[in-house]
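# Coordinate analysis (summary)
Residues per chain are reported as follows:
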Amino acid sequence: MANGGEQIDISGIRRKKLLAALLLQANQMVSLGRLVDAMWDEDPPASAHGQIRICVSGLRRLLRGLEHNGVIETHPSCYRMRVRDDALDLFTFEKLVAQGRAMVRDGQLERAEGLLKSALVLWRGPVAAGLDSRMLASLAVGLNENRLTVKEEYFGVALKLGRYQQIIGDLTGFVAENPFRERACAQLMLALYHSGRQADALETFRTARMRFSEDLGIEPTRDLYVLHQSILAGQLSPAESLPRDLLAPLPPRSHGRQSRPSGVALLSRTSPETAPPDALEQLRLENDLLRVECNGLRKILSLWLRSNPGLPGA
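What comes next concerns the included structure. (Residues numbered from 1 in each chain as written. Predicted model: local features only at pLDDT ≥ 70, side-chain atom pairs only at ≥ 80, totals over all residues. Heavy atoms only, no water.)

### Describing helix H3 (residues 48-62)
An α-helix turns once every 3.6 residues. As a result, residues three or four positions apart point the same way. Relative to the 21 Å expected for 15 residues at 1.5 Å per residue, H3 spans 21 Å between its end C-alpha atoms, a close match to the ideal helical length. Of all the positions in H3, only Ala 48, Gln 51, Ile 52, Cys 55, Val 56, Gly 58 and Leu 59 are classed as buried. Seen end-on, H3 carries its buried residues on one side only, within an arc spanning 165°. Across H3 from its buried face, at more than 90 degrees, point the exposed residues Ile 54 and Arg 61. (Helix = DSSP H or I, 4+ residues; strand = E, 2+ residues; numbered from the N terminus. Expected span 1.5 Å × (residues − 1). Buried < 20%, exposed > 50% of the residue type's maximum accessible area, 1.4 Å probe, protein only. Arc of directions from axis to C-beta.)

### Examining helix H4 (residues 89-105)
With 17 residues, H4 should reach 24 Å at 1.5 Å per residue; the first-to-last C-alpha distance of 24 Å fits that figure. Among the residues making up H4, those that are buried are Leu 90, Phe 91, Phe 93, Leu 96, Val 97, Gly 100 and Met 103. Contact partners of the buried residues in H4: helix H5 (109-121) and helix H6 (134-160). Gly 107 occupies a position one or two residues after H4 and carries a positive phi of about 80°. (Contact = heavy atoms within 4.5 Å.)

### Things to note about the pairing of strand E5 (residues 78-81)
Going residue by residue along E5, you find Cys 78 and Arg 80 tucked away on one face and Tyr 79 and Met 81 tucked away on the opposite face as well. In the sheet, strand E3 (residues 30-31) pairs with E5 via two bridges, with the strands oriented antiparallel. Paired with Ser 31 across the two strands is Cys 78, which belongs to E5. Sheet topology note: the strand E4 (residues 72-75)/E5 ladder contains four bridges and is antiparallel. What sits directly across from His 75, in E5, is Cys 78. In this structure, the hairpin formed by E4 and E5 is closed by a connection of two residues, where Ser 77 is found at a positive phi of approximately 65°. (Pairing = 2+ DSSP bridges.)

Here it is as structure tokens:
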């Protein structure tokens, strides 16, 4: 932990867990019960409350040099860690992301790219890494998921700016670490295709499909199939291949008994009668892509019928 450039060494696993629990719920009242859960899960010692008070005292001594004195407040049966908006990387991250998304909405993509990149640089690893605590893990999961979503938004902005080759390495590593994020798989396919690597883009789809099938027992979304068919036909221009939905955060979807990670909404599902102009443009793109897919299927069927002349319709 840093104090105005000076590194503060937090020793002891219990102190680290306590500090993590308070910082992950900064400026909130955190009950003794939740702190007990963070430090010992479901098997606390009889002296748990006393040990927490000792840890709080130790942390206060370490943090005494901070500008904001009394950073850990004591309340009846709970504690609160007061943190200024500019004193926690998480707060700075959220502020930069909000600014970056506003720039995307205003069409200022270069500024958005810089803001999102600055936000992502603040991450030095997974939240609460190395702290074996189910409660801390539950607090960290949403923050880690948000980081991955922002990373995809950054890639989306970079693709819009035509930085295909510059992001291939980072995207490849991201997909390798998060193989079930279809949005990132689609972005990697697009980056490869527009860098003149059509075969690699198609191989990325085949790898993703095999992984989904073997590990989850499901298929990728239809949107990924449509993108694959369009790349196979070589009929994607930069303007057509990057609809607005590729930049937007997407909620996870449920597929039967299997829970699936966030998908990629490449195509609109809005009806023509109620669709705004941007959605109508996406629907026209979908019709074009479906036409490519149907033409490919017709060619395959025609070749198969020719090779089986004895069948009806041959």
